[in-house]
Number of protein chains: 2
Amino acid sequence: MSSVRKYAVIVAGGKGVRMGTDIPKQFLPLLGVPMLCHCIQAFIHTYRDINIILVAPESQLHSTETIVKSYVGPLHLTSVAGGETRFHSVQNGLRKIEKKGIVFVHDGVRPLVSANLIKRCYKQALELGSAIPVIQCTDSLRVVNEDGLSSPLNREQVRLVQTPQTFLTDIILPAFDQEYNVNFTDEATVVEATGQSIHLIEGERDNIKITNPGDMLIADTLLKSS
Amino acid sequence: MSSVRKYAVIVAGGKGVRMGTDIPKQFLPLLGVPMLCHCIQAFIHTYRDINIILVAPESQLHSTETIVKSYVGPLHLTSVAGGETRFHSVQNGLRKIEKKGIVFVHDGVRPLVSANLIKRCYKQALELGSAIPVIQCTDSLRVVNEDGLSSPLNREQVRLVQTPQTFLTDIILPAFDQEYNVNFTDEATVVEATGQSIHLIEGERDNIKITNPGDMLIADTLLKSS
């Protein structure tokens with residue numbers, strides 16, 4: 001195994017509102033294992049020495065850590081409270097990094113991320129500084145304007161952005177020293193604001209984000225077949 | 001039942017290339033029934049008197065008709081050969097319409113369309129002239145430029161477009177008399193090119209387009225749970 005340090009910042013911030021349940025969605029079980037633990041396992045199974053930095057709402061920090069430890073087994077785990085926005089949550093996570101290496105920032109609600117994607121992101125980020133997984137869109141697209149009218153968008157040019165968004169520490173850490181800006185919707189936009197260009201990589205269609213109850217069913221099916 | 005005539009143009013044009021199978025994907029079975037037949041049944045179960053206009057590649061026209069009749073039971077069915085592009089296929093289908101009414105144009109690979117969505121589209125198209133079902137996008141989006149560079153796109157303003165795209169015949173039939181234009185990627189863009197504005201309506205997340213083998217599994221799961 002190479003000696004490059006690896007960090008996975010796992011953002012587990014959801015409150016479960018859209019899932020119609022009191023349980024934060026990152027704890028909902030898939031094949032009997034909380035979604036969040038599938039995410040963490042994917043990284044640990046790929047790189048056993050990876051440092052997991054778990055970002056969770058302050059009130060759930062202790063319970064999240066307990067759940068993760070009981071399901072995942074031995075791991076290098078640091079937990080930290082989330083912030084107001086995704087930017088602030090990731091920023092809190094990144095502040096736990098003390099040495100150079102590669103950082104994966106991953107949604108705690110994308111439990112289907114594969115070892116293959118994680119490894120490809122790692123290699124590209126090591127070489128080019130970043131790897132942002134994206135996939136083509138299969139539906140037609142429209143843009144809705146402020147007046148409620150809409151116009152078509154060329155879907156050939158549009159990509160759906162996934163995680164893990166992967167970076168060299170030298171690139172992502174300085175970027176998160178910036179002041180917050182509402183346009184920071186993901187890590188790529190934060191890095192770009194420093195003037196760096198980011199590098200896309202082919203994502204995976206199965207690497208879905210669990211947002212609605214129907215997505216749980218889909219994830220369950222995909223996990224069973226994988 | 002109202003006396004407004006109803007037509008569903010079902011576009012079954014795929015060749016199955018992306019599915020890794022020799023069977024055109026519209027014939028692949030979901031719960032034992034070809035995907036295309038699920039589409040047709042959805043419309044017939046909603047409006048028993050609806051006229052189904054099936055558009056299929058010329059070489060598959062006869063077999064498609066045979067399969068549909070064996071699975072779907074009694075229906076008002078007209079079949080017509082598809083054309084070079086989706087525009088030409090839909091144009092061929094629309095030319096079979098002789099009287100005024102409401103037209104649904106539906107992808108033969110969206111087998112999960114619900115009666116509720118079909119009825120809502122009908123009502124809105126009757127009132128406003130059109131109903132284009134769209135859903136919000138849950139992933140971040142980027143636009144890839146010709147130089148390979150990409151930039152973020154505000155996902156709050158983007159909608160994924162589904163079918164059935166639904167219109168008054170008075171609006172869609174004249175629109176399809178236009179010369180073909182490469183920007184005609186769906187029916188909404190064709191109608192807009194006549195200077196008409198189109199009206200969006202809330203679509204359904206389950207109303208997915210089957211494009212890859214993984215989508216079959218998802219559709220199967222969603223059908224079983226519905």
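Structure: above.
Predicted, not measured: the structure shown is a model, and the values here were computed from it.

Attention now moves to helix H2 (residues 61-72) of chain B. For H2 of chain B, with 12 residues, the first-to-last C-alpha span of 16 Å sits near the 16 Å given by 1.5 Å per residue. Directly beyond the C-terminal end of H2 of chain B, a positive phi value near 85 degrees is found at Gly 73 of chain B.

Taken as rigid bodies, chain B and chain A are interconverted by a rotation of 180 degrees and an axial shift of 0.0 Å, the fit giving an RMSD of 0.0 Å. When the rotation and shift are considered jointly, the pair of chain copies conforms to a two-fold rotation axis. Relative to the rotation axis, the closest C-alpha in chain B is found at Ile 218 of chain B, a distance of 2.8 Å. Take the interface residues of chain B: 100% of them recur as interface residues in chain A, which is what a same-surface contact looks like.

The next point concerns the packing of aromatic side chains. Counted according to the given criterion, the structure contains 14 aromatic pairs over all chains. Centroid distance Phe 87 of chain B to Phe 176 of chain B: 5.0 Å. Interplanar angle 15 degrees. Geometry classified as stacked. Placement of Phe 87 of chain B in helix H3 (residues 86-94) and of Phe 176 of chain B in the loop between helix H5 (169-175) and helix H6 (187-192) is noted, with a sequence separation of 89 residues between them. Phe 176 of chain B carries the same exposure label as Phe 87 of chain B, and that label is buried. Aromatic rings pair up to connect Phe 43, Tyr 47, Phe 104 and Tyr 122 of chain A into one cluster. Looking at Lys 6 of chain A, its charged tip hangs above the ring of Tyr 47 of chain A, at a distance of 4.9 Å from the centre.

Parameters and conventions
- Residue numbers run consecutively from 1 along every chain, following the written order of its sequence.
- Following the order in which they are written, the chains are lettered starting with A and the ligands numbered starting with 1.
- Since the coordinates come from a predicted model, pLDDT governs what is reported: local features require at least 70, and pairs of side-chain atoms require 80 or more to be given and counted, while whole-chain, interface and lining totals use all residues.
- Processing note: side-chain calculations cover all non-hydrogen atoms of the structure and skip hydrogens and water entirely.
- Going along the chain from the N terminus, every DSSP run of H or I of four or more residues is numbered as a helix, and every run of E of two or more is numbered as a strand.
- To estimate how far a helix should reach, multiply one less than its number of residues by 1.5 Å.
- We place the copies in one frame by least squares, fitting the C-alpha atoms of every residue whose pLDDT is at least 70 in both.
- Pairs of residues are marked as contacts when any of their non-hydrogen atoms sit within 4.5 Å.
- In this scheme Phe, Tyr and Trp rings, the latter by its six-membered ring, pair at centre separations within 6.5 Å, and the angle between planes marks the pair as stacked below 30 degrees, edge-to-face above 60, and tilted otherwise.
- Whether a residue is buried, partly exposed or exposed follows from its accessible area with a 1.4 Å probe, protein chains only, as a fraction of its type maximum: under 20%, in between, or over 50%, in that order.
- Two conditions define a charge located above a ring, namely a distance within 6 Å from the ring centre to NZ of Lys or CZ of Arg, and an angle within 35 degrees of the ring normal.

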